[in-house]
Amino acid sequence: MSDPMSPDVPAPSRLRVGDGVVDLSTREISMPGARGARRVTPKAIGVLRMLARVPGTVVGRGELLEQVWPDTLPTDDVLTQAITQLRKAFGAGDAGAAAGKRYIETIAKGGYRLTVEVEVLASEHDVQAMAVRTTDPAFQAVPGPADATPVHLPVASPRGGNWRRWLPVGLALLLVVVAGLGLWTAFETARLPAGDASGSAGPAPVSRPYRLITAGEGFALSPSLSPDASMVAYSATGRMGGSASSSAIVIQTTTSAVPRAVSRPPPDASDDLPAWSPDGREIAFARWHADGACRVMLVAATGGDEREVARCDRSDLLSFDWLPDGSGLLFGTMTGADEAARLRILDPVSGRWRALDYAGAPGDIDYAPRVSPDGRWIGFIRNPQMGDLWRVPIDGGAPEQITRLGAELLGWDWTPDSTGMVFGLRVDSEARLYRADVAGGALVDLGIEDAQAPSISTRNGMMAFVHRQPRFGLYRIDAHTGDWQRLFASAGRDAQPTLAPDGRQIVFTSDRAGRFELWWARLDAPDALRPIEGVRPDTRQAPVWSPDGRSLLLTALGEDNLPMILEVEPASGRVERLEVPARQVAQAAFGPDHSLLIVEGTSDGGTRLVSYDRRTWRRGGSIDGASQVRYDAAHDRVLYTRIDANGLWAAAPDLSAESIVRLDDRVPTRWRYRSWSVDAAGIAYLDATTACWSRITRYRVESLKLAAADTGACLDPVTRSATNGLAATQDEWFVSLASDDGSAIGFMPLPMPARKREADFLAKWLNLMRNKIS
């Protein structure tokens, strides 16, 4: 019998390894009972290929290093890391970590052996790469596949004018065909039992509507398609020889070719936010330096010298895109040294700025502007931390709100016909892509999981997006020694840890059991971990405990997917909905006596912090623009962050204007407004720097100012933390950290709404009938 993994046999794309299924093309390993497939690195797949060729036989470490890491001088550590990745993947789901370790046996002073059977499976249907004819100059520098010959469609030649006489006949035939198809479909649907795969001898292969066109370890972020979608530019971290904490701009064809770098960041800098010019010749991008300096740069799509066109020093809010004619760059609200509150246009040749004239309230932040393909509108996200999609006429005027979500939107772009806006949104534990109809704001789920940051070609409707499938675990960290301890084993995503004031209870959100739920446990009895039945948490805000530790408030989603405030007693399981008389609730916290502090939405797209007496729901004081609130019971004060600025504010419990004090103008940043907690000793703040992706710093309030109590503790230089939720005491920190992370670029045709598919089908059918009749 021939070796199924031999070079003489056509390479398989799917294997059954023990109880798992391995997709070699996507590097994903699926195990029974696991929440989803786990993607491993190319080197880990290379090691698995070697072991799968000879299951049950020892493969030496030297042979593995020589074959998987050729032409390099790798250390044993890289092989150990690859084996660890594989064991974690095979240990997901019902198998368990111990079984995952048994799949690959370590032979002392020898090597490794695959201990389970290997079977070659039939390949899934591949998503066919489109033969896209390119006009981009940069494409000439990256050879495409040799067989990608443009397809030329035949053009019908006119044969006289008699077709008009037959058009009514064609329309009548069309109505008969459509009616017949409808009756047949209804009959077949009623006849077949639900879920019956008629005509199939077995389960159909699972196929995705997209292809992952990037490979390698690290992160691929911020994709920007070339005008004809033949190429994509993106920010690559940990790829192309870069470090784990810096990024460069790379480009590649959308047929999964090898990428090449077009930007050359210095050692202390990172490049991001590429934007391809309408003529395909240049790429604009942002460069951030460790000292806070920021530059907007231009580089030819073929690479070469870089040119600075604008400064954005100390900006933590930067967004831009090209005008359709390529004459300028359209910028959103910019913070930092060159602060500007409104949308404006930069001429990259002269360096002159031009402000756009349109209405807006003081403090509004307008982010990620894009001009619609028809040239009539500018779309943008207003107040992106808790924002919505808006549009304004290209010549200025009154903005129009499209969505009413009050959520952090994860990138967006126009549909080619300018009738819709496609955006990423975190729902439960994952990000998904949605389409908003600009005419009425109706939302359609595009059915793409773990997706964000869409980039859509206006020429042919192809779409690139970021596909990120992280796993987050909860860790208890000793504040003095830095030692880590994972609280609960999980193959899902555990986040938003919230510690009770007594220090003995913790709640968090997780999809560990398949559904997104609120979980509760006693730290002295972790085996008592259980979900709170009937609660679907809202991911925007973490729960808040009562001062006595008996109950908590959290924002949850009802059956109508609208937010509401629940009061939960975890020990008893009691859940009560509070009838808060607010327009759109975002967060609730316990105040002194019988007061509740509520962050709610306003009719103009902003937010407001309001104090309510929960006995009568009478409104008390209020503060506009708040994004998160905490009550500091030890000092009888309200602490809050704002949407429109970095920093922390304090106010009296009645929220009176004369009591408001700004404690700091730097931390928390507007993007990290949920990454802080308060206790009797002060404030703990979780942030990230270029040198440390997860860092905690303690602060005290002295003379109404924040003062750092330490220099900050780096939890891990290359492990990312969740930005939503942190629990801290003087001795311990409870943090959600990525146990498995990375991202790739997906590529696919933009899904079309059903009614548009039907309209396009009818138009094509009529055109075909007309050509045949003529």
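This one's a predicted model, so the numbers in the text were calculated from it and none came from an experiment.

Asks: Run through the sheet that holds strand β12 (residues 247-253), naming residues and quoting values.
Replies: Sheet architecture is open: 4 strands sit in the order β10-β11-β12-β13, paired in antiparallel fashion. Edge positions in the sheet fall to β10 (219-225) and β13 (260-261), since each of these pairs with one other strand and no more. Relative to β12, strand β11 (residues 231-237) runs antiparallel, the two being bridged by 7 bridges. In the strand pairing of β12, Ser235 is matched with Ile249.

Asks: Explain the pattern of salt bridges to me, and be specific about the residues and the numbers.
Replies: Scanning the model with the defined rule gives 33 salt bridges in all. One salt bridge connects Glu308 with Arg311, and the closest N-O pair in it is separated by 4.0 Å. In the salt-bridge network here, residues are joined through shared partners; they are Arg295, Glu308, Arg311 and Asp313.

Asks: Can you explain helix α1 (residues 42-53)? Please cite residues and give values.
Replies: Its 12 residues place the ends of α1 17 Å apart at the C-alpha level, agreeing with the 16 Å of an ideal helix rising 1.5 Å per residue. For α1, the complete set of buried residues consists of Ala44, Ile45, Gly46, Val47, Leu48, Met50, Leu51 and Ala52.

Asks: Let's hear about the nonpolar core: which residues, and what values?
Replies: Counting residues in hydrophobic clusters, the biggest one holds 30 residues, and the most contacted among them are Val22, Ile29, Val47, Leu86 and Phe90. No other element matches the 7 residues that α1 contributes to this core. Setting aside its immediate chain neighbours within four residues, Val22 contacts Ser13, Arg14, Leu15, Val17, Glu28, Ile29, Ile45, Leu48 and Phe90.

Asks: Before we move on, can you summarise the side chain of Ser546 with the specific residues and values?
Replies: The residue Ser546 is located in the loop between β38 (544-545) and β39 (552-557) in this model. The class for Ser546 is buried, based on a relative accessible area of 5%. One polar contact links the side chain of Ser546 to the main-chain amide nitrogen of Arg550, over a distance of 3.4 Å. Ignoring any residue separated from it by four or fewer positions in sequence, one finds Ser546 in contact with Pro501, Ser551, Leu552 and Phe590.

Asks: Explain the sheet that holds strand β36 (residues 517-522) residue by residue, including any values.
Replies: Reading across from one edge, β34-β35-β36-β37 is the order of the 4 strands in this open sheet, with antiparallel pairing throughout. The open sheet is flanked by β34 (494-499) and β37 (525-531), the only strands paired with a single partner. Across the sheet, the mean angle from the axis of one strand to that of its neighbour is 25 degrees, orientation sign disregarded. Bridge count for β34 against strand β35 (residues 505-510) is 4 bridges, and the pairing is antiparallel. Within β35, the residue paired with Thr498 across the bridge is Val507.

Asks: Can you break down unusual backbone geometry residue by residue, with the values?
Replies: With an omega dihedral of -10 degrees, the bond running from Val667 to Pro668 counts as a cis peptide bond. Along the chain, Pro668 falls in the loop between β49 (661-664) and β50 (676-679). In the Ramachandran plot, Asp450 falls in the positive-phi region, its phi being about 50 degrees despite a non-glycine side chain. Looking at the secondary structure, you find Asp450 in the loop between β29 (443-449) and β30 (451-456).

Asks: Quick rundown of the packing of α1 against helix α3 (residues 76-90)? Include the residues and the values.
Replies: One way to put it is that α1 packs onto α3 with a least axis distance of 9 Å and a crossing angle of 80 degrees. Accordingly, the angle class assigned to the pair α1 and α3 is roughly perpendicular. Along the contact surface, α1 presents Ala44, Val47, Leu48 and Leu51, while α3 presents Leu79, Ala82, Ile83, Gln85, Leu86 and Phe90. Of the residues assigned to the contact of α1 with α3, the class counts are 9 nonpolar, 1 polar and no charged.

Asks: Please set out the packing of α1 against helix α2 (residues 61-68) residue by residue, giving values where relevant.
Replies: Where α1 contacts α2, the two axes come as close as 10 Å, and the packing angle between them is 125 degrees. With respect to α2, the axis of α1 lies oblique. Along this stretch, α1 crosses α2, giving a crossing that reads as right-handed. Here Lys43, Gly46, Val47 and Met50 of α1 come into contact with α2, specifically with Glu63, Leu64, Gln67 and Val68. A per-class count over the contact of α1 with α2 returns 4 nonpolar, 2 polar and 2 charged.

Asks: Residue-level account of the state of the cysteines, with values.
Replies: Scanning the model with the defined rule gives 2 disulfides in all. Across the disulfide from Cys294 sits Cys312; the S-S distance is 1.9 Å. In this structure the cystine formed by Cys294 and Cys312 twists about its S-S bond by roughly -75 degrees; its chirality is therefore left-handed. A residue pair is termed long-range when its members are at least 10 positions apart, and Cys294 in strand β16 (residues 294-300) and Cys312 in the loop between β17 (306-311) and β18 (320-322) qualify at 18 residues. Relative accessible area serves as the criterion here: at 0%, Cys294 is assigned to the buried category. Among the residues examined, Cys312 registers a relative accessible area of 0% and is labelled buried. Taken in N- to C-terminal order, the disulfide-linked cysteines of the protein chain are connected 1-2, 3-4.

Asks: Talk me through the pairing of β12; I want residue IDs and the actual numbers.
Replies: In terms of burial, β12 is a largely internal element, 7 of the 7 residues being buried. On β12, burial covers both faces: Ser247, Ile249, Ile251 and Thr253 on one face and Ala248, Val250 and Gln252 on the other are all buried. Here β12 runs beside β13; their pairing, made up of 2 bridges, is antiparallel. Paired with Ile251 across the bridge in β13 is Arg260. Where β12 folds back onto β13 in an antiparallel hairpin, the turn is made up of 6 residues, including Ser256, whose phi is positive at roughly 65 degrees.

Asks: For α2, give the residues involved together with the corresponding values.
Replies: Here α2 has its buried residues at Leu64, Leu65 and Val68. Axial view of α2: buried residues confined to an arc of 95 degrees, hence all on one face. Against α1, β5 (59-60), α3 and β7 (111-114) lie the buried residues of α2.

Asks: Report on the packing of aromatic side chains, specifying residues and quantitative values.
Replies: All told, the structure shown has 13 aromatic pairs when counted by the stated rule. Between Tyr358 and Phe380 the ring centres are 6.2 Å apart and the planes differ by 50 degrees, which places this aromatic pair in the tilted class. One end of the pair, Tyr358, is in the loop between β21 (353-355) and β22 (366-371); the other, Phe380, is in strand β23 (residues 377-382), and 22 residues separate them in sequence. Phe380 sits in the buried class, given a relative accessible area of 0%. Measuring from ring centre to ring centre gives 5.5 Å for Trp412 and Trp414, while their planes differ by 65 degrees; the resulting arrangement is edge-to-face. For the pair Trp412 and Trp414, a shared accessibility class is recorded, and that class is buried. Through a chain of ring-to-ring contacts, three or more aromatic side chains come together here, namely Phe320, Phe331 and Trp353. Its end group placed over the ring of Trp390, Arg382 keeps NZ or CZ at 4.7 Å from the ring centre. Stacked on the ring of Trp676, the Lys or Arg Arg630 has its end atom at 5.9 Å from the ring centre.

Conventions we followed
Residues numbered from 1 in each chain as written. Predicted model: local features only at pLDDT ≥ 70, side-chain atom pairs only at ≥ 80, totals over all residues. Heavy atoms only, no water. Pairing = 2+ DSSP bridges. Helix = DSSP H or I, 4+ residues; strand = E, 2+ residues; numbered from the N terminus. Salt bridge = Lys/Arg side-chain N within 4 Å of Asp/Glu carboxyl O. Expected span 1.5 Å × (residues − 1). Buried < 20%, exposed > 50% of the residue type's maximum accessible area, 1.4 Å probe, protein only. Core = buried A, V, L, I, M, F, W, Y, C linked by side-chain atoms within 4.5 Å. Contact = heavy atoms within 4.5 Å. Polar contact = N/O pair within 3.5 Å; in protein donor to acceptor, adjacent residues only side chain to side chain. Axes fitted to C-alpha atoms, helices over the stretch in contact; angles between N-to-C directions. Parallel < 35°, antiparallel > 145°, perpendicular 65-115°, else oblique. Nonpolar A, V, L, I, M, F, W, Y, C, P; charged D, E, K, R; others polar. Left-handed = near helix turned anticlockwise from the far one by under 90°. Disulfide = S-S within 2.5 Å. Arc of directions from axis to C-beta. Phe/Tyr/Trp six-rings, centres within 6.5 Å; stacked < 30°, edge-to-face > 60°. Lys NZ or Arg CZ within 6 Å of the ring centre and 35° of its normal.

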